[in-house]
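Structural characterization, general
The lines below spell out each chain.
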Amino acid sequence: MEIGAIIVILVALAFDFTNGFHDAANSIATVVSTRVLSPRYAVIWAAFFNFVAFLIFSTHVANTIAKDVVVQEALTVGVIFAGLLGAIAWNLLTFWLGLPTSSSHALVGGMAGAAVVRGGFDVLISEGLATIGAFIVLSPLVGLAIGLLLTLIIQWVFHREKNLQRLNKGFRRGQLVSAAAFSLGHGGNDAQKTMGIILAVLIAVGSLPADAEVPLWVVLSAHTAIALGTLFGGWRIVKTMGFKLTKLQPSGGVAAESAAAATLFFASAQGIPVSTTHTITGAIVGVGASRRMSAVRWRVAGRVLWAWIFTIPGAAIVAGIFSLIVEALA
Amino acid sequence: MNDRRAYFFLAAALAVLAVQGLVPQYRWLTLSVAVLYLVFALAFATANLSARRASIKKRQSLDRSTS
């Protein structure tokens, strides 16, 4: 394998690490904000379930990233490298600003931007991008709907319960399960985006045929990278998600995480790369909206929304610039 | 209908329906979520109306008892 491909694979794994660092904080935000686990144990819990997700999910999302965003002829090692650099730069910028944006959409935007600069808009696969684009809107709204529905069901089932202390204790235990489910969903969907990048590189350099599936070493290395990223996760975003958006009780945490996990499980099974950040944010807003609209801090939600809207074009522009630099240096 | 949640869920239903054309293969999902949002919108709107009606009745009965 050529040295360029090895470098891109290492950068892809570094991106996966930053993804864990940036996005996986979402997995533990509600557990920490409801004080079910200390931050230290919460990250270990999330990282473990990020890693074991490969035992549950197939690699449909990886195939979508490698084969359904940009035509394979346009996916050279240089384009993939520039796309990754664009996504990483965007992630670091939004991390520095404390914005919970999507690493996944930064990656898709980065790949698309780097490829368009080299081959024009014809290299984009409109059907794949349309599905990803639709789920930018759908994943938080599905999470929100399920989050609200679960909250209403919980309120209806337990409205006669007088011993609130016992009820909270039960839900705090339940949150361990729902946080684990969400971390599984996060590992299952997000680690596969890196697998997709590595698969595209291996196909581009001819190490694998165009219709190849993801090799096991790629699966294991991607899950290891995201789990390590989670272990070193950042606290700026945890604070935005868990503390600033709305105040959560343990029952709300269970509802939010279960709703987001269900949405991620569905998306992973269908091979759709979605943002774990969008999904959990939608679910948290759904839980908050069950109380009253003022329970959700809309200024924070609005700031998050703008960051989402600019992620794909922003990452695409940054990756396009990197693509020109890589082309000039090559 | 002045519970803002009703308007919010109405807007959410419209947003889901707006992207439906991009993913015709998931029409069952988009339609189910849109219907769910419309049910939420209706539920919050009517719950708000009932609360307002009850408060008007209470005020009227108070007015009657004081006059």
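This structure is a prediction, so every number in the text was calculated from the model and none was measured. Position numbers for residues count from 1 along each chain, tracking the sequence in the order it is written. Ligands are numbered from 1 and chains lettered from A, in the order in which they are written. Where local features are concerned, this predicted model is filtered to residues with pLDDT of at least 70; where side-chain atom pairs are given and counted, the filter is 80 or more; whole-chain, interface and lining totals use all residues. Heavy atoms from the whole structure form the basis of all side-chain values; hydrogens and water molecules are not counted.

Residue and element names in this part refer to chain A. In terms of nonpolar packing, the biggest core is built from 48 residues, with Leu84, Met195 and Ile197 touching the most fellow members. Only runs of H or I of at least four residues qualify as helices and only runs of E of at least two qualify as strands under DSSP, and these elements are numbered from the N terminus. Looking at this core, the elements with two or more residues in it are α1 (3-23), α4 (60-67), α5 (77-97), α6 (103-119), α8 (164-204), α9 (216-231) and α13 (298-329). In terms of residue count, the dominant contributor to this core is α8 (nine residues). When near neighbours in sequence (up to four residues on either side) are disregarded, Met195 contacts Thr59, Ala62, Val214, Val218, Val219, Ala222 and His223. Joining through side-chain atoms within 4.5 Å is the link that ties buried Ala, Val, Leu, Ile, Met, Phe, Trp, Tyr and Cys residues into a set, and such a set is a nonpolar core. Relative accessibility thresholds used throughout: buried, under 20% of the residue-type maximum; exposed, over 50%; partly exposed, between the two (1.4 Å probe, protein chains only). Two residues form a contact once any of their heavy atoms are found within 4.5 Å.

Now for helix α3 (residues 39-52) of chain A. An expected span of 1.5 Å times one less than the residue number is assigned to each helix. Look at α3 of chain A: 20 Å from first C-alpha to last across 14 residues, which is about the 20 Å you get at 1.5 Å a residue. Within α3 of chain A the residues assigned to the buried category are Ala42, Val43, Ala46, Ala47, Phe49, Asn50 and Val52 of chain A.

Another point: the packing of α5 of chain A against α8 of chain A. Residues and elements named next belong to chain A. Axes here mean lines fitted to C-alpha atoms, for a helix over just the part in contact, with angles spanning 0 to 180 degrees between N-to-C directions. Where α5 meets α8, the closest approach of the two axes is 9 Å, and the angle between their N-to-C directions is 160°. What the angle tells us is that α5 and α8 run roughly antiparallel. Two packed elements cross with a definite hand, and for α5 against α8 that hand is left-handed. Of α8, the residues touching α5 (which contributes Val77, Ile80 and Leu84) are Ile197, Ala200, Val201 and Ala204. Taken together, the residues of the contact of α5 with α8 sort by class into seven nonpolar, no polar and no charged. In this scheme, roughly parallel covers angles under 35 degrees and roughly antiparallel covers those over 145, while 65 to 115 is roughly perpendicular and the rest are oblique. Crossing handedness follows the turn of the near helix against the far one: under a right angle anticlockwise gives a left-handed crossing, and clockwise gives a right-handed one. Note on residue categories: nonpolar means Ala, Val, Leu, Ile, Met, Phe, Trp, Tyr, Cys or Pro, charged means Asp, Glu, Lys or Arg, and polar means any other residue, Gly included.

We now examine the interface of chain A and chain B. With 23 residues of chain A at the interface, the matching set in chain B holds 20 residues. The junction of chain A with chain B conceals about 1,800 Å² of combined surface from both sides, 82% of it contributed by carbon and sulfur atoms. Salt bridge, as applied in this entry: a Lys or Arg side-chain nitrogen positioned within 4 Å of an Asp or Glu carboxyl oxygen. Taken together, the connections running from chain A to chain B amount to zero salt bridges. Definition of a polar contact: a pair of N or O atoms within 3.5 Å, with one able to donate and the other able to accept a hydrogen when the atoms are protein atoms, and with sequence-neighbouring residues admitted only if both atoms are side-chain atoms. Our count for the chain A to chain B interface comes out at four residue pairs in polar contact (both at pLDDT 80 or more). The set of elements that each furnish at least two residues to the side of chain A that touches chain B consists of α7 (126-158), α11 (250-270) and α12 (276-291) of chain A. Broken down by element, the side of chain A that touches chain B gets its largest block of residues, 13 residues, from α7 of chain A. Reported buried area values correspond to the accessible surface (1.4 Å probe) lost by two parts on association, with both partners' losses combined.

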